[in-house]
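So the chains spell out like this:
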Amino acid sequence: MTPGRYAAAGAGWAIACPHATASAVGADLLRAGGNALDAAIAAAATLTVVYPHMCAVGGDILALVRTADGSLTVVNGSGAAPVGVDVAAVRSGHAQMPRRGPLAVTVPGAVRAWESIHELGASLRFGELLAPAAELAARGVPVARSLAAAIVADADELVGDRGLADLFLPEGRRLAEGERLVQPALADTLRLIAAEGAGAVYGGAVGAALVERLRAGGSAMTIGDLRAHRSELVAPIAGAFGDDTVLTAPPNSQGVLLLETIAALAAGAVRDPLGSDLDLLCELFRLTARDRDEVLADPRAVDVPLARLLSPGHGADLARRARSRRGAAPDVSLAGAPPTGDTIALVTADAAGNAVCVIQSIFDAFGSQILDPVTGVILHNRGSFFSLAADAPNVLAPGKRPVHTLMPVMVVRDGLLVGVHGTMGGKAQAQIHAQLLLRLAAGLTPYESVSAPRVVVGGGPAGSPEDLVEHEPGVAVAPLVASRFPLLALPEHSEDTGHAQLIRRAADGTFHVASDPRADGAALAG
């Protein structure tokens, strides 16, 4: 596939999103004098309109923001379980957290995160940034390829919620690619947020409607839970990758898995990670995923051993354990939910030194399968990632955030911005990032890196072994067969391997930007 709309270059600014309309909205603001923060917020809001199966006003965000002075801030917009949740009652009715419905909904942090990004240094008024999204929701947008596929795949579940059925299955008919999707209630909600700020959700009329809808279904969510929510602003965690420093979000994000992987690579575990040693790379992916499932949690509630996970000794131990798989019987168990998730990544940068990576999500396709008809807002199901096992670090508890798959990434060298990297892909996001870094290090262009065939470990249908490797055509499977990895072939550019967005800044200051052809996006620069 030729790059076409999926690659661009320019010295002034760059943006890539998984939907071309969102990229265009952000680019228009950059051309009009806005900065990378303005473009990121506007594009994120637009994506809730054009990609509603993957992100929503009722979802979460983790973002990494670099401002012109070189400051780097993680905006953690993940929300907590309701303070009044009755954990014993949830356990009495469920063996594990429900994937859908009101009990799977934690406080949605997306809108507060938009406002937090704005406060870090956007140049335009907050309300101005939401206006394009509101107009698109009111006027209607063509149904994207990815959305049409999700409607087909989830049609049997969508009929169970009146709001979703009325919007995506009008008169019982599935909206098809190219048909117009009009969302008047969402348009009104976006206009209200534009006028009142995030308070419209966190204590205002939008929040009150969402709480009423959730409580009617048995949730303990209150308006007080929404009022109490704040974005958490923290420093990124970092790891070395050659001469570069890779930056990502600390727990409750799974970002540490990427840093564990590159530390193991630095220990010499894998000489040809995308070729003859692909089996060792995949084993590293499996081992780091176990760390996520066994020790990661909300650090406000649990002591997460972050220093140990980031230590060189742990990286060397992972390398040793990965090598030990060769010639031995694999030590595996069954995986839980598949690693893919319904999430978007967008990246922006400008010549002044601002850059943003936003990862925005409702977790599964159409989230909790709840669309509040009053506000037009789809609510996420991030709470389904909690465990109900009493001894699990990630166990459900009042006011606690679940472990989060979202993990924005940037790369710097000697303090200068080198890359802004983002991907969807649920629990496999760290795996996708590692493959992107390796391809870039091998000399591939940004477009070649995002479009190259990928692997995902731990996916497949529910109940698949945790070492199942899904792979696209062109992947060197011989080492995987030799190391007895179970395999599942995917079609070319399968959305099951995530879709990534990537900006790299060359030594002369030129931005080279790429958008993954697995989505409906575009890369733009000027």
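Structure: see above.
Residues numbered from 1 in each chain as written. Predicted model: local features only at pLDDT ≥ 70, side-chain atom pairs only at ≥ 80, totals over all residues. Heavy atoms only, no water.

**Looking at the overall build of the protein chain**
Then comes step 1: Secondary structure summary: the protein chain contains 17 helices and 21 strands in total.
Then comes step 2: Relative to the compact-globule value of 24 Å for 526 residues, the protein chain shows a C-alpha radius of gyration of 21 Å, a close match.
Then comes step 3: Dimensions of the protein chain, computed from the C-alpha atoms along their principal axes, are close to 60 × 60 × 45 Å.
Then comes step 4: Burial analysis of the protein chain (526 residues in total) assigns 63% to the buried set.
Then comes step 5: For the protein chain, long-range pairs separated by at least 24 residues make up 71% of all intrachain contacts whose partners lie at least 6 apart in sequence.
Then comes step 6: In the structure as shown, the protein chain presents an accessible area of about 17500 Å², 54% of it carried by carbon and sulfur atoms.
Then comes step 7: On the protein chain, the mean spot of the 41 positive side-chain charges and the mean spot of the 53 negative ones are 2 Å from each other. (Helix = DSSP H or I, 4+ residues; strand = E, 2+ residues; numbered from the N terminus. Rg over C-alpha atoms; globule rule 2.2 N^0.38 Å. Buried < 20%, exposed > 50% of the residue type's maximum accessible area, 1.4 Å probe, protein only. Contact = heavy atoms within 4.5 Å. Areas by Shrake-Rupley, 256 points an atom, 1.4 Å probe, with all protein chains shown as cover. Lys, Arg positive; Asp, Glu negative; His and termini not counted. Charge placed at Lys NZ, Arg CZ, Asp CG, Glu CD.)

**With respect to the sheet that holds strand β20 (residues 511-515)**
Then comes step 1: What the seven strands build is an open sheet, ordered β1-β20-β19-β15-β14-β9-β8; its pairing is antiparallel. Whereas interior strands pair on both sides, the edge strands pair on one side only; in this sheet they are β1 (7-10) and β8 (237-241). Neighbour-to-neighbour, the strand axes of the sheet open up by a mean angle of 20°, direction not taken into account.
Then comes step 2: Where strand β9 (residues 244-248) lies against strand β14 (residues 409-413), four bridges are found, and the strand directions are antiparallel. Bridge pairing in β14 links T248 to V409.
Then comes step 3: Relative to β8, helix α11 (residues 256-266) is tilted by about 25°, and along the sheet it contacts β8, β9 and β14. (Pairing = 2+ DSSP bridges. Axes fitted to C-alpha atoms, helices over the stretch in contact; angles between N-to-C directions.)

**Comments concerning the side chain of N252**
Then comes step 1: By secondary structure assignment, the location of N252 is in the loop between β9 and α11.
Then comes step 2: Judged by relative accessible area, which is 0%, N252 ranks as buried.
Then comes step 3: Of the polar contacts made by the side chain of N252, one reaches the side chain of N76; its length is 2.8 Å.
Then comes step 4: With near-sequence residues (within four places) excluded, N252 lies in contact with N76, S78, A297, D298, P299, R401, P402, V403 and H404. (Polar contact = N/O pair within 3.5 Å; in protein donor to acceptor, adjacent residues only side chain to side chain.)

**Considerations on helix α12 (residues 278-295)**
Then comes step 1: Across its 18 residues, α12 extends 26 Å between first and last C-alpha, which sits within 8% of the 26 Å expected from 1.5 Å per residue.
Then comes step 2: For α12, the tally of buried residues reaches 16 of 18 residues, placing the bulk of the element in the interior. (Expected span 1.5 Å × (residues − 1).)

**Considerations on the packing of α11 against helix α15 (residues 429-441)**
Then comes step 1: Contact geometry for α11 and α15: axes closest at 8 Å, N-to-C directions at 45°. The angle between the axes of α11 and α15 places the two elements in the oblique class. Seen from above, α11 lies across α15 with right-handed handedness. Across the interface between the two elements, L257, L258, T261, I262 and L265 of α11 pack against A430, H433, A434, L437 and L438 of α15.
Then comes step 2: Grouping the constituent residues of the contact of α11 with α15 by class yields eight nonpolar, two polar and no charged. (Parallel < 35°, antiparallel > 145°, perpendicular 65-115°, else oblique. Left-handed = near helix turned anticlockwise from the far one by under 90°. Nonpolar A, V, L, I, M, F, W, Y, C, P; charged D, E, K, R; others polar.)

**As for α11**
Then comes step 1: Of all eleven residues making up α11, nine are buried, and the element is well covered by its neighbours.
Then comes step 2: Here α11 has its buried residues at V256, L257, L258, L259, E260, T261, I262, A264 and L265.
Then comes step 3: Within two residues after α11, G268 carries a phi angle of roughly 90°, on the positive side.

**A few points about the environment of A27**
Then comes step 1: Within the secondary structure, A27 is located in helix α1 (residues 20-31).
Then comes step 2: Exposure remark for A27: the relative accessible area of 0% places this residue in the buried category.
Then comes step 3: Along the chain, A27 and P453 lie 426 residues apart, while their C-alpha atoms are 29 Å from each other.
Then comes step 4: If we ignore the near neighbours within four places in the chain, the residues touching A27 are W13, I15 and L524.

**Focus on the packing of aromatic side chains**
Then comes step 1: For the structure shown, the criterion picks out two aromatic pairs.
Then comes step 2: A centroid spacing of 5.5 Å and a plane angle of 65° characterise the contact between F363 and F385, whose relative ring orientation is edge-to-face. On the criterion of sequence distance, the pair formed by F363 in strand β11 (residues 355-363) and F385 in the loop between β13 (377-379) and β14 is long-range, its members being 22 residues apart.
Then comes step 3: The lysine or arginine in question, R382, covers the ring of F363, its NZ or CZ lying 4.0 Å from the ring centre. (Phe/Tyr/Trp six-rings, centres within 6.5 Å; stacked < 30°, edge-to-face > 60°. Lys NZ or Arg CZ within 6 Å of the ring centre and 35° of its normal.)

**Considering the packing of α12 against helix α14 (residues 312-324)**
To describe two helices that pack against each other, one gives the angle between their axes and the distance between the axes.
Then comes step 1: One can describe the packing of α12 onto α14 by two numbers: an axis separation of 9 Å at closest approach and a directional angle of 125°. As the angle between them shows, α12 and α14 are arranged oblique. Every pair of crossing elements has a handedness; the one defined by α12 and α14 is right-handed. Across the interface between the two elements, L280, E283, L284, L287, T288 and D291 from α12 touch H314, L318, A319, R321, A322 and R323 from α14.
Then comes step 2: When grouped by side-chain class, the residues that make up the contact of α12 with α14 number six nonpolar, two polar and four charged.

**Remarks on the sheet that holds β11**
What links the strands of a sheet is backbone hydrogen bonding, and the strands pair in either a parallel or an antiparallel sense.
Then comes step 1: Pairing is antiparallel in the open sheet, where seven strands are placed in the order β7-β4-β3-β11-β10-β2-β21. With one partner strand each, in any of the chains shown, β7 (232-234) and β21 (522-525) form the two edges of the open sheet. Put simply, the sheet's adjacent strands are angled 10° from each other on average, direction ignored.
Then comes step 2: Judged from the eight bridges that link them, strand β10 (residues 342-350) and β11 form a sheet pairing that is antiparallel.

**Some details on the pattern of salt bridges**
Then comes step 1: Evaluation of the coordinates by the stated rule reveals 26 salt bridges.
Then comes step 2: Across the salt bridge formed by E115 and R112, the nearest N and O atoms sit 3.5 Å from each other. With E115 and R112 both in helix α4 (residues 110-119) and three residues apart, this pair spans about one turn of that helix. Accessibility classification places E115 together with R112 in one group, the buried group.
Then comes step 3: Two residues, D277 and R326, come together in a salt bridge whose shortest N-O distance is 2.9 Å. Note that D277 is positioned in the loop between α11 and α12 and R326 in the loop between α14 and β10, a separation of 49 residues in sequence. (Salt bridge = Lys/Arg side-chain N within 4 Å of Asp/Glu carboxyl O.)

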